Amino acid sequence: LKQNGGNGQFADITFEIGPRNNNEIGLEFINKIKGGVIPSEFIPSVEKGFREAMENGALNGYPLESMKITLLDGSTHSEDSGAYDFEIAARDGFRAIAKQCKPKLLEPIMQVEIQSTEEYTGAVTADINKRRGIITSIDERSGRKIFTAEVPLASTFGYISDLRTLTSGRASISMKLSHYALVPDFIANTLIT
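Attention here is on the structure that accompanies the text. Being a predicted model, the structure only gives us computed values, none of them experimental.

Here we look at the environment of Ser174
Right, so step 1: Position of Ser174 relative to the elements: it lies in strand 8 (residues 172-182).
Right, so step 2: Taking the C-alpha atoms as reference points, Ser174 and Glu65, 109 residues apart in sequence, are found 27 Å from one another.

Structure follows, in structure tokens:
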């Protein structure tokens, strides 16, 4: 991508964008520039531009969790190239190409523990299913049923009061973040513009 804004601004980069191979979080930046076609002092600016672009990802501005950028080639102008020009070229290059990479939306999944009495097992189970939740275990402790489930955060709003109503106040709930998972397409399609 070339960044050319008139007098004093010129940056040209060629890069490859894709997923990381190691499933780690963040940017994996690989510099394959040879022969100084982009001076080494400008390379950190290219990386910085891509890092900043990740903060406002391709899907509705949500941050991008991870990606790999391989900087392959580029060029400079002896008088009109500066570090900031390369930062802008990286950001603009990301914006121009990122949606074509088919990024996927992730959502936070909560680990939910519900303690209730036996008589409300059916109601609690049905409510977890209604919230796109997955029950991972049902145990018994001191005469109470303990449900452990994974429920998308988006489905937990109002959960405490709903659960009290369902169980006539005879249940308790605790939640903590478990992990992030792909948003199902039928929901993602309504969120992504």
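As for the pattern of salt bridges
Right, so step 1: Under the defined criterion, the tally for this structure stands at 14 salt bridges.
Right, so step 2: Here Glu87 ties to Arg91 by a salt bridge, and the two come within 3.3 Å at their closest N and O atoms. Taken as a pair, Glu87 and Arg91 lie in helix 2 (residues 83-97) at a separation of four residues, close to a single helical turn. With respect to class, Glu87 is no different from Arg91; both count as buried.
Right, so step 3: Among the ionic pairs, Glu119 bridges to Arg170, the shortest N-O distance being 3.9 Å. Here Glu119 is found in the loop between strand 5 (106-116) and helix 3 (121-130), whereas its partner Arg170 is found in the loop between helix 4 (159-166) and strand 8, with 51 residues between them in sequence.
Right, so step 4: Take Glu119: its relative accessible area is 58%, and that puts it in the exposed class.

Observations concerning the side chain of Ser116
Right, so step 1: Take Ser116: it is sitting in strand 5.
Right, so step 2: For Ser116, a relative accessible area of 0% corresponds to the buried category.
Right, so step 3: Beyond its immediate chain neighbours, meaning those up to four positions away, Ser116 contacts Val124, Arg144, Lys145, Phe147, Thr167, Arg170 and Ala171.

Looking at the packing of helix 1 (residues 43-55) against helix 2
Right, so step 1: Running from amino to carboxyl end, helix 1 crosses helix 2 at an angle of 40 degrees, the nearest separation of the two axes being 7 Å. With respect to each other, helix 1 and helix 2 are oriented oblique. Taken as a pair, helix 1 and helix 2 cross one another with a handedness that is right-handed. Along the contact surface, helix 1 presents Ser45, Val46, Lys48, Gly49, Phe50, Glu52 and Ala53, while helix 2 presents Ala83, Phe86, Glu87, Ala90, Arg91 and Phe94.
Right, so step 2: Per-class residue counts for the contact of helix 1 with helix 2 are seven nonpolar, two polar and four charged.

Describing the pairing of strand 3 (residues 26-31)
Two faces belong to every sheet, and in a regular strand the side chains alternate between them.
Right, so step 1: Sheet topology places strand 3 next to strand 4 (residues 66-75); six bridges connect them, and they run parallel. Looking at the pairing, Ile30 lines up with Thr70 of strand 4.
Right, so step 2: This β-α-β element, strand 3 to helix 1 to strand 4, shows left-handed connectivity.

The rules behind each value
- Residues numbered from 1 in each chain as written.
- Predicted model: local features only at pLDDT ≥ 70, side-chain atom pairs only at ≥ 80, totals over all residues.
- Heavy atoms only, no water.
- Helix = DSSP H or I, 4+ residues; strand = E, 2+ residues; numbered from the N terminus.
- Salt bridge = Lys/Arg side-chain N within 4 Å of Asp/Glu carboxyl O.
- Buried < 20%, exposed > 50% of the residue type's maximum accessible area, 1.4 Å probe, protein only.
- Contact = heavy atoms within 4.5 Å.
- Axes fitted to C-alpha atoms, helices over the stretch in contact; angles between N-to-C directions.
- Parallel < 35°, antiparallel > 145°, perpendicular 65-115°, else oblique.
- Left-handed = near helix turned anticlockwise from the far one by under 90°.
- Nonpolar A, V, L, I, M, F, W, Y, C, P; charged D, E, K, R; others polar.
- Pairing = 2+ DSSP bridges.
- Right-handed = clockwise from strand over helix to strand, strands pointing away.

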